[in-house]
Amino acid sequence: MATARDSDNSTASESESSEGSDEFSDGQESKVPEPCRYYNDKGCKNRNCTYLHVCKNALTRNPCRPRCTLNHDIEQAIGAAASQQNAQVPMPANGRPFRWQLCNGKSWKNIENDHIIEINYCLPHAKGITIYNTPYGEVRIDFSRMRILKKNLKVRRLDDGRSKWIWYCMLSHKWKSYGHKDAKGNSTPKSEAIESSFQRNRRSSFPFNIGSETFEINFREMKQEGQKKKRSVRRRPVYRPVQQQARGSQGARQNLPLV
């Protein structure tokens, strides 16, 4: 059996510069793959290869052999590898919109009653949640980095691909969604436009203008960058309840058995 405590939420006094810089909030770790050694040797025949099909010298900036015919477009190779990785992530079973899982290095285990985790995860100010009395003891999930703190465990959130993602920016110590108008009546970009750019390339950036000022959202660092300062950015889904899910008490502590 396992119990959970509500997430530690950011307060109004939270520093705008204190946020983590590597949030890829659909729950999958986003690491840059290594170059494929087969591609760099005699050619890779694996159609589902998740390594970079790019010349290794393009990454190290070492001189290439004369008339090198390998791919040197690093961004394209990263995008292709990311697509293969995403294609291998399973979908939630039984028509569920999401599923939270833990892995001890051997297999992924579902967390029952994970709607409690999901509800907290959908809140832009929620930093994480602590699960108690699991087979692994107390487990702390860090939402920003989608990691388990101080334990050799992994966490992931499976998604059915239909979630609506909202982008937020830290303004005046509060998380404010994009698409609003500033004090001068200028509109910020909508979350849909930011999300579309993010899905095309999660390691690029999204440029936009507010009035005469130019900004960009750096997806790698999850920061909004302008000429004067950087602001933290977060991406969280809109909560969708699981149909016909038996729920217990909605108090601060809930049973969350691993199944």
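Residues numbered from 1 in each chain as written. Predicted model: local features only at pLDDT ≥ 70, side-chain atom pairs only at ≥ 80, totals over all residues. Heavy atoms only, no water.

Asks: Please give an account of the layout of surface pockets that cites residues and values.
Replies: Here the second largest pocket is characterised by a volume of approximately 570 Å³. Among the elements of the structure, strand E8 (165-171), strand E9 (174-177) and strand E11 (213-218) are those that each provide at least two residues to the lining of the second largest pocket. (1 Å grid on protein atoms, 1.4 Å probe; cavity = no way out; pocket = protein on both sides within 12 Å on 5 of 7 lines; lining within 4 Å. Points joined across faces, edges and corners; volume = space filled by probe spheres on them. Helix = DSSP H or I, 4+ residues; strand = E, 2+ residues; numbered from the N terminus.)

Asks: Run through the environment of Lys164, naming residues and quoting values.
Replies: Turning to its location among the elements, Lys164 is positioned in the loop between strand E7 (154-159) and E8. With a relative accessible area of 48%, Lys164 lands in the partly exposed category. For the pair Lys164 and Glu192, spaced 28 residues apart in sequence, the C-alpha separation works out to 8.4 Å. (Buried < 20%, exposed > 50% of the residue type's maximum accessible area, 1.4 Å probe, protein only.)

Asks: With reference to specific residues and values, describe the side chain of Asp142.
Replies: With respect to the element layout, Asp142 can be found in strand E5 (residues 137-142). The class of Asp142 is buried, set by a relative accessible area of 13%. A polar contact is formed between the side chain of Asp142 and the backbone nitrogen of Ser144, at a distance of 3.0 Å. Among residues more than four places away in sequence, those in contact with Asp142 are Lys127, Arg147 and Leu149. (Polar contact = N/O pair within 3.5 Å; in protein donor to acceptor, adjacent residues only side chain to side chain. Contact = heavy atoms within 4.5 Å.)

Asks: Lay out the sheet that holds strand E12 (residues 223-225) in plain terms, naming residues and giving numbers.
Replies: Spatial strand order, E9-E8-E13-E12-E11-E10: six strands in an open sheet with antiparallel pairing. The open sheet terminates on both sides in strands that have one partner only, identified here as E9 and strand E10 (205-210). Across this sheet, the average inter-strand angle for adjacent strands is 30 degrees, counted without regard to direction. Two strands pair when backbone bridges link them, and E11 and E12 are joined in this way by three bridges, in the antiparallel orientation. Among the inter-strand pairings, Ile217 is bridged to a residue of E12, identified as Gln224. The strands touched by helix H4 (residues 191-200) within the sheet are E8, E10, E11 and strand E13 (230-237), with E8 carrying the most contacts at an inclination of about 105 degrees. (Pairing = 2+ DSSP bridges. Axes fitted to C-alpha atoms, helices over the stretch in contact; angles between N-to-C directions.)

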